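Structural overview for review
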Amino acid sequence: MDKHMKEIEEKVHNNIRLSKDDGIYLYNSSDLIAIGELARYKKLEMSGQHIFFNVNQHINLTNICVSRCKFCAFGIDHDDKDSYLMSPQEAFDYGAKAVDYGITEFHIVSALHPDMPFEYYVVVVRDLHEAYPHIHIQAFTAVEICYFSQISGLSIREVLQVLKDVGLGSLPGGGAEILKDDLRRQLCPNKAMSQDWLEVHRTAHQLGIKTNCTMLFGHVESIEDRIDHFITLRNLQDSDPGFQAFIPLPFLPENTPLNHLKRTSAIDDIKTLAISRLMLDNIDHIKAFWVMLGIDIAQISFNFGADDIDGTVFEEKIMHAAGARTQTAISKEDIIRLIKEAGYIPTERDTIYNILKEF
Ligand code: SF4
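Heads up: these notes are all about the structure in this document. (Residues numbered from 1 in each chain as written. Predicted model: local features only at pLDDT ≥ 70, side-chain atom pairs only at ≥ 80, totals over all residues.)

So, about the site of the ligand. Near the ligand, the surroundings consist of Cys 65, Ser 67, Arg 68, Cys 69, Cys 72, Phe 74, Gly 75, Ala 111, Leu 112, Val 143, Cys 188 and Lys 191. Looking at the shell around the ligand, its residues break down into eight nonpolar, two polar and two charged. (Near = placed C-beta within 6 Å. Nonpolar A, V, L, I, M, F, W, Y, C, P; charged D, E, K, R; others polar.)

An α-helix turns once every 3.6 residues. As a result, residues three or four positions apart point the same way. All buried positions along helix α7 (residues 156-166) are accounted for by Ile 156, Val 159, Leu 160 and Leu 163. Down the axis of α7, the sector holding all buried residues measures 95°, keeping them to one side. Buried-residue contacts for α7 involve α5 (118-131), α6 (142-152) and α9 (194-206). (Buried ≥ 20, exposed ≤ 12 C-beta atoms within 10 Å, placed from the backbone. Helix = DSSP H or I, 4+ residues; strand = E, 2+ residues; numbered from the N terminus. Arc of directions from axis to C-beta. Contact = placed C-beta atoms within 7 Å.)

Here we come to the nonpolar core. Formed by 102 residues in total, the largest nonpolar core has its most connected members in Ile 108, Val 125, Ile 145, Phe 246 and Leu 278. Setting aside residues no more than four positions away along its own chain, Ile 108 makes contact with Ile 59, Leu 61, Val 124, Ile 137, Ala 139 and Phe 140. (Core = buried A, V, L, I, M, F, W, Y, C linked by C-beta atoms within 7 Å.)

Once that is clear, we can look at the packing of α5 against α7. With their axes 8 Å apart at the nearest point, α5 and α7 run at an angle of 25° to one another. With respect to α7, the element α5 is oriented roughly parallel. Mapping the contact onto sequence places Val 122, Val 125, Arg 126 and His 129 in α5 and Val 162, Leu 163 and Val 166 in α7. For the contact of α5 with α7, the residue count by class is five nonpolar, one polar and one charged. (Axes fitted to C-alpha atoms, helices over the stretch in contact; angles between N-to-C directions. Parallel < 35°, antiparallel > 145°, perpendicular 65-115°, else oblique.)

Our next topic: the sheet that holds strand β10 (residues 345-349). The strand order across the open sheet formed by four strands is β9-β1-β10-β11, and the pairing between neighbours is mixed. In the strand order of this sheet, the two ends are held by β9 (308-311) and β11 (355-358), each with one partner. Direction aside, neighbouring strands of the sheet carry axes that sit 25° apart on average. Here β10 runs beside β11; their pairing, made up of three bridges, is antiparallel. Within the sheet, the bridge partner assigned to Glu 348 lies in β11 and is Lys 357. Against the sheet, helix α15 (residues 332-341) makes contact with β1 (50-54), β9 and β10, and its axis sits at roughly 140° relative to β10, the strand it touches most. (Pairing = 2+ DSSP bridges.)

Structural measurements only, silent on function.
Right under this line is the structure:
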């Protein structure tokens, strides 16, 4: 172990915050085992032997999108033969059919539809909440919330309040990509910029709405951009806490305008999970989202700082449009088995991390 790694070890063991230089050093180091040991130390300190999962139903209301981000294979035009839009009744039925599987969460994320009014989204949340008040609704990325503000003329705070009043429980973490506007202008110029994204999460936290946060990595960003992204999230969590989990998302180039780029390597995926655990010392959970990472990497990541594997996702569409080669769903039994195999305690949670059952 060299001098800088020793210093980082000292900091981690004494709960001293890592600096930007430390983060960059870790990314440039090839000592994956040392990085993993530190991240695992931190994970055990923060969540013990638990690996969390939940049982949820993803509902993607539409894939018709006005934004057309360069890294996205999900959003398409109105007249594309594969475009779809669920009516509120169809969305309700789609959610309802998973209730008997014991889901504890509806997870609703969609494209930015050119014509549907804000009321459409309000009705979807309201109807599901009225019929299934015990099932948590995690819905709409900060990008969607900004878009709702734009199409309704309401402020971000008003949009969030209206949704909260009809049953919204929490926000997912999508749409963060890399929180740097020069990159966003290249990759996704037609949607919320960095300050907008941060403003939605800040306001949600102030309203008592928990949220998650993400980073899309492995496209045109630099290592420094990634570390700056971690620090931006860490600063928001310091000033207005409310992030529950960070979810690093590797860019899947297939079927996107950036399909000349290569998929991130397993080492990059694992390192990113581990470094995020070390840098984000004020966010309780690091999620290895198996839909994008693949089951194998997700399982290994439990020894590299991750403490959550998301859920038994029913029929996920967005990542699979971009060529995710994982299954579209995984059974609860399989999740329990693969967590046990890795030597941890499978722990079913609800969306806001109340423990429902240990296996
Ligand atoms: S990432 Fe979201 S906003 Fe961008 S094109 Fe895809 S669905 Fe639309």
